[in-house]
Amino acid sequence: MDEFKNDRMLELSELHIDALQEICNIGMGNTATALSQMIGKQIDLSIPRVKVSLLSDFPDLLGDSESVMAAIHTRIWGDIQGNIMFIFPWESARILCKMLTGTEPDDEFHLSDLHVSALREIGNILGSSYLGALERLLSKSLLPSVPSVAFDMAGAIMETFMVQLGEDADAAVVIRTTFSGDGETLNGHFFLIPDPGSLKMMLQAARVLADEHE
Amino acid sequence: MSGQEIRVKVSQYKIARPGTVLKIFGLGSCVALVLYDPEAGIGGLAHVLLPGPAPLTREGENNSASSYKYADRAVEALLGEMEKQGAEIKKLRAAVIGGANMFLTPDIEEKDMPGRPGIGSRNVEAVKKELERFEVPIFGEDTGGSNGRTITFDPGSGEVLITNYKGDRKVLAPHENGTGRMAVE
């Protein structure tokens, strides 16, 4: 779609993609350990994918934009800014809620306050473990916000990020990975979307982009 | 309702005639603007991302395709295109849908300005303000809340079907006099 022209859109080289993949791998390794300890199951990770995505394609990043998902979002503050999000398809969100609270949400796509706060707590623990690993790796401060929870159609959830990024850009670098546990019954998606202005600093901190002193 | 279905992605606007429906899947904090001219048998749908106003370029005007993500540019462009294709602005009726606040705590919606209304409601206000400027009456509105919506607009009847993940259905339909009615099925 060449109708989108934006000079601030970053062209990623192979080296950049490798570095971002590696950053995400290390963060997710930490996160998977935390999740595994919480639910007492082994967690398998996919190789992270790094891609420049048009904002208008965000609603389809999770496949069917109408499928029902639970999303836990954490805003990153500090030296590097951006968003991280854990997204669980409805069935997995249900299983996770059961593992953590002992009670299962009913079939009718309804999450009680207890389940919402359980998901928020998961987001808190997983998000902190992810950002902690990145802090040590990049020697930058990354502070998590209080996680917020949404439960709705995938496309509608992703629109929130389009709104946030849309003032500055028409595209963004999306770093994503999928994870599964308990023999595929539990699966989820993880997204790291650095703010366009923070991507450069991430790459500089990872020493694949020369520091620029102005 | 046989025939084609056109999907309208964010920052796009599309026009259709009876026999073709216009669709947005999973509308969250964005706003869908429906314009309908019953006499010319023509309908349009815009998918607005931000309240705007669109930033100006150095030449003083912003006509890039991505500028249609802003309410002011989207409304103006959709109106212009409909007129070009035979609609009469005076006959147009509008429906405004969307503008939900998806997340249960507001920090993502408002990273800079806590305390301001959420981006969803600002999108709705911006689109309505533009409609007022062009004196286009609104026959139906389904905005706000915390749920996403899927919408299907039929330029044959002017009806807008709104569904959500819970399976709720709502129809916005224009009256002949343009005031509109709302039916909950």
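A brief look at the structure comes next.

Conventions and cut-offs
Residues numbered from 1 in each chain as written. Chains lettered and ligands numbered in written order. Predicted model: local features only at pLDDT ≥ 70, side-chain atom pairs only at ≥ 80, totals over all residues. Heavy atoms only, no water. Helix = DSSP H or I, 4+ residues; strand = E, 2+ residues; numbered from the N terminus. Rg over C-alpha atoms; globule rule 2.2 N^0.38 Å. Buried < 20%, exposed > 50% of the residue type's maximum accessible area, 1.4 Å probe, protein only. Contact = heavy atoms within 4.5 Å. Areas by Shrake-Rupley, 256 points an atom, 1.4 Å probe, with all protein chains shown as cover. Axes fitted to C-alpha atoms, helices over the stretch in contact; angles between N-to-C directions. Parallel < 35°, antiparallel > 145°, perpendicular 65-115°, else oblique. Left-handed = near helix turned anticlockwise from the far one by under 90°. Nonpolar A, V, L, I, M, F, W, Y, C, P; charged D, E, K, R; others polar. Buried area = accessible area lost by both parts, 1.4 Å probe. Salt bridge = Lys/Arg side-chain N within 4 Å of Asp/Glu carboxyl O. Polar contact = N/O pair within 3.5 Å; in protein donor to acceptor, adjacent residues only side chain to side chain. Pairing = 2+ DSSP bridges. Core = buried A, V, L, I, M, F, W, Y, C linked by side-chain atoms within 4.5 Å.

## Looking at the overall build of chain A
Point 1. Within chain A, the regular secondary structure consists of 5 helices and 8 strands.
Point 2. In sequence order, the secondary structure elements of chain A are arranged as α-β-β-β-β-α-α-β-β-α-β-β-α.
Point 3. The C-alpha atoms of chain A give 17 Å as radius of gyration, which agrees with the globular expectation for 214 residues (17 Å, within 12%).
Point 4. Relative to its full complement of 214 residues, chain A shows a buried share of 55%.
Point 5. Sequence separation of 24 or more characterises 70% of the internal contacts of chain A that already satisfy a separation of 6 or more.
Point 6. Counting every atom, chain A has about 9100 Å² of accessible surface; 49% of that belongs to carbon and sulfur.

## Considering the overall build of chain B
Point 1. For chain B, the helix and strand inventory stands at 2 helices and 11 strands.
Point 2. For chain B, the succession of helices and strands along the chain, N to C, is β-β-β-β-β-α-β-α-β-β-β-β-β.
Point 3. A buried classification covers 54% of the 185 residues belonging to chain B.
Point 4. Sequence separation of 24 or more characterises 59% of the internal contacts of chain B that already satisfy a separation of 6 or more.
Point 5. Accessible area for chain B stands at about 8200 Å²; split by element, carbon and sulfur atoms hold 48% of it.

## Concerning the packing of helix H1 (residues 71-84) of chain B against helix H2 (residues 119-133) of chain B
All names here are of chain B.
Point 1. Following both chains from N to C, one finds H1 and H2 inclined at 40°, their axes separated by 9 Å at the closest point. Considered as vectors, H1 and H2 are oriented oblique to each other. Regarding H1 and H2, the two cross each other, and that crossing is right-handed. Residues Ala71, Asp72, Val75 and Glu76 of H1 touch H2, and the partners they reach there are Ala126, Val127, Glu130 and Arg133.
Point 2. Of the residues in the contact of H1 with H2, the class split is 4 nonpolar, no polar and 4 charged.

## Remarks on the interface of chain B and chain A
Point 1. Taken together, the contacts link 34 residues of chain B with 41 residues of chain A.
Point 2. Overall, the association of chain B and chain A removes approximately 3100 Å² of surface from exposure, summing both partners, and the carbon and sulfur fraction of that is 57%.
Point 3. The interface formed by chain B and chain A includes 3 salt bridges.
Point 4. The shortest N-O distance in the salt bridge between A:Asp170 and B:Lys69 comes to 2.6 Å.
Point 5. Our count for the contact surface shared by chain B and chain A stands at 13 residue pairs in polar contact (both at pLDDT 80 or more).
Point 6. At the level of secondary structure, the elements contributing two or more residues to the side of chain B that touches chain A comprise strand E3 (20-27) and strand E8 (149-154) of chain B.
Point 7. Examining the composition of the side of chain B that touches chain A, we find that 3 residues originate from one element, E3(B), more than from any other.
Point 8. Split by residue class, the side of chain B that touches chain A holds 14 nonpolar, 13 polar and 7 charged.

## Details of the sheet that holds strand E6 (residues 93-98) of chain B
Working definition: the strands of a sheet are paired by backbone hydrogen bonds and lie parallel or antiparallel to each other.
Residues and elements named next belong to chain B.
Point 1. Taken in spatial order, the 5 strands line up as E2-E5-E4-E6-E7 in an open sheet, and their pairing is mixed. Each end of this open sheet is capped by a strand with a single partner; those strands are strand E2 (13-16) and strand E7 (138-143). Taking each pair of neighbouring strands and ignoring which way they run, the sheet shows an average axis angle of 10°.
Point 2. In the packing of H1 onto the sheet, the strands contacted are E2, strand E4 (31-37) and strand E5 (42-48), and the crossing angle to E5 comes to about 165°.
Point 3. Taken strand by strand, H2 contacts E4, E5, E6 and E7, and its axis lies near 25° from that of E4.

## Brief notes about the nonpolar core
Point 1. A:Leu20, A:Phe58, B:Ile97 and B:Val160 are the most contacted members of the largest nonpolar core, which totals 96 residues.
Point 2. In this view, B:Ile97 contacts B:Leu27, B:Cys30, B:Val31, B:Ala32, B:Val34, B:Asp142, B:Thr143, B:Arg149, B:Ile151, B:Val160, B:Ile162 and B:Leu172; residues no more than four positions away in its chain are not counted.
Point 3. Within the second largest apolar cluster, 22 residues are counted, among which are B:Val75, B:Leu79, B:Met82 and B:Leu131.

## Some details on the pairing of strand E3 (residues 68-78) of chain A
All names here are of chain A.
Point 1. The buried count for E3 comes to 9 of 11 residues, which makes it a mostly enclosed element.
Point 2. The sheet contact formed by E3 and strand E4 (residues 82-89) spans 8 bridges and is antiparallel. By the bridge assignment for E4, Ala71 is matched with Ile87.
Point 3. The pairing of E3 with strand E5 (residues 142-144) spans 3 bridges and is antiparallel. Paired with Ile76 across the two strands is Pro144, which belongs to E5.

## Notes on the pairing of E5(B)
All names here are of chain B.
Point 1. Most of E5 is tucked away: 7 of the 7 residues are buried.
Point 2. Burial along E5 is two-sided: the residues Ile42, Gly44, Ala46 and Val48 and Gly43, Leu45 and His47 are all buried.
Point 3. Where E2 meets E5, 4 bridges bridge the pair, whose relative direction is antiparallel. Paired with Ile15 across the strands is Gly44, a residue of E5.
Point 4. Direction of pairing for E4 relative to E5: antiparallel, over a ladder of 7 bridges. Counterpart to Tyr36 in the pairing with E5 is Gly43.
Point 5. Counting the residues between successive antiparallel strands, the hairpin from E4 to E5 contains 4 residues, one of them, Gly41, with a positive phi of roughly 60°.

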